[in-house]
Amino acid sequence: MIRAAAPGDLEAIRAIYAHYVEHTVITFDFDPPSLEEWGERLAAAGERGHPWLVAERDGAVAGYAYAAPFRAKPAYAQTVETTIYLSHEATGHGLGRALYGALLDALIAQELHLAVAGMTLPNPASQRLHRALGFEPVGTFAQVGFKHGAWRDVEFLQRRL
Ligand SMILES: CC(C)(COP(=O)(O)OP(=O)(O)OC[C@H]1O[C@@H](n2cnc3c(N)ncnc32)[C@H](O)[C@@H]1OP(=O)(O)O)[C@@H](O)C(=O)NCCC(=O)NCCS
């Protein structure tokens, strides 16, 4: 089931993301955000009217996806940066495609104009998911971040909504 995120989902969201912060270079965070920080992010998304969805599997939150401002200056207002994370146990079974598709549908319904996504390379699942849902590559920042002992490249993609 895919539905809007609620404050009661934040502990699951915190735990899903903390795994990737600690064990991967998929995100450039070094320290997992606290529950309080997640609460502030969800509230801010609500105030902006940006969608934040969760996917439930067997009654538990197995992933989340949301849109946030791409950049702060006002001419960017119709462009959002999209993000998706599934529990590492829930990947590879089509859930990402369903959840991210629902997020894009919500953005289209809001008449937003462009979705932008960035991903540390390599990330075959994310690279494939974005292309499968109509994102086109914009370019790659080479060695733009340093994590877990090495320089990391980040590819950006965009999708007209
Ligand atoms: C990226 C992510 C959201 C994809 O969701 P998923 O449920 O695993 O992917 P799906 O099963 O829906 O598959 C989506 C597409 O990617 C492909 N894919 C999935 N896993 C793959 C893998 N490991 N290698 C290559 N392709 C893969 C699928 O074949 C499918 O493509 P298709 O529709 O053309 O057949 C999920 O793997 C995830 O949360 N990963 C960790 C966090 C992350 O990387 N987030 C994105 C940050 S940019």
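Preceding block: the structure.
Residues numbered from 1 in each chain as written. Predicted model: local features only at pLDDT ≥ 70, side-chain atom pairs only at ≥ 80, totals over all residues. Heavy atoms only, no water.

Draft legend 1. Up close: the site of the ligand. Taken together, 20 residues surround the ligand, and among them G92, G94, G96, R97 and N123 come closest. The contact in question runs from an oxygen atom of the ligand to an N or O atom on the backbone of G94, over 2.7 Å. In this structure, an oxygen atom belonging to the ligand sits 2.8 Å away from a side-chain N or O atom of R128. Elements with a contribution of two residues or more to the shell around the ligand: β4 (79-86), α3 (95-109), β5 (114-120) and α4 (124-132). Top contributing element to the shell around the ligand by residue count: α4, with five residues. (Near = heavy atom within 4 Å. Polar contact = N/O pair within 3.5 Å; in protein donor to acceptor, adjacent residues only side chain to side chain. Helix = DSSP H or I, 4+ residues; strand = E, 2+ residues; numbered from the N terminus.)

Draft legend 2. Examining the environment of G101 more closely. Its location among the elements puts G101 in helix α3. Looking at G101, the relative accessible area reads 17%, which means it is buried. As a C-alpha pair, G101 and G63 span 38 residues in sequence and 13 Å in three-dimensional space. When neighbours within four sequence positions are excluded, G101 is seen to be in contact with G96 and L133. (Buried < 20%, exposed > 50% of the residue type's maximum accessible area, 1.4 Å probe, protein only. Contact = heavy atoms within 4.5 Å.)

Draft legend 3. Region of the structure containing the pattern of salt bridges. Summed over the entire model, instances satisfying the criterion amount to four salt bridges. For R131, the salt bridge is made with E155, and the minimal N-O distance between the two is 2.8 Å. Of this pair, R131 sits in helix α4 while E155 sits in strand β7 (residues 150-160), and the two are 24 residues apart along the sequence. A relative accessible area of 7% places E155 in the buried class. A single salt-bridge network, built from bridges that share partners, covers R3, D9 and E56. (Salt bridge = Lys/Arg side-chain N within 4 Å of Asp/Glu carboxyl O.)

Draft legend 4. The sheet that holds β7, seen in detail. With respect to topology, seven strands assemble into an open sheet ordered β1-β2-β3-β4-β5-β7-β6, the strand pairing being mixed. Edge positions in the sheet fall to β1 (2-4) and β6 (136-147), since each has one partner strand and no second. Here the strands of the sheet are splayed against their neighbours by 25° on average, with no regard to which way each runs. Here β5 pairs with β7 via seven bridges, running antiparallel. Residue pairing for β7: M119 is matched across the bridge by E155. On the sheet, helix α1 (residues 10-23) packs against β2 (52-57), β3 (60-69), β4 and β6 and is oriented at approximately 80° with respect to β3. (Pairing = 2+ DSSP bridges. Axes fitted to C-alpha atoms, helices over the stretch in contact; angles between N-to-C directions.)

Draft legend 5. Looking closely at a nonpolar patch on the surface. Together, F28, F141 and V144 give the surface a local cluster of nonpolar side chains, amounting to about 270 Å² of exposed area. Positionally, F141 belongs in strand β6. Overall, F141 belongs to the partly exposed group, its relative accessible area being 49%. (Patch = residues over 30% accessible without salt bridge, like charges linked within 9 Å, V, L, I, M, F, W, Y side chains within 5 Å. Areas by Shrake-Rupley, 256 points an atom, 1.4 Å probe, with all protein chains shown as cover.)

Draft legend 6. How the structure looks around the pairing of β4. Most of β4 sits out of view: seven of its eight residues are buried. Where β4 and β5 come together, three bridges link them in parallel fashion. For E81, the partnering residue across the bridge sits in β5 and is V116. In terms of handedness, the path from β4 via α3 over to β5 forms a crossover that is right-handed. (Right-handed = clockwise from strand over helix to strand, strands pointing away.)

In short, geometric facts, not functional conclusions.
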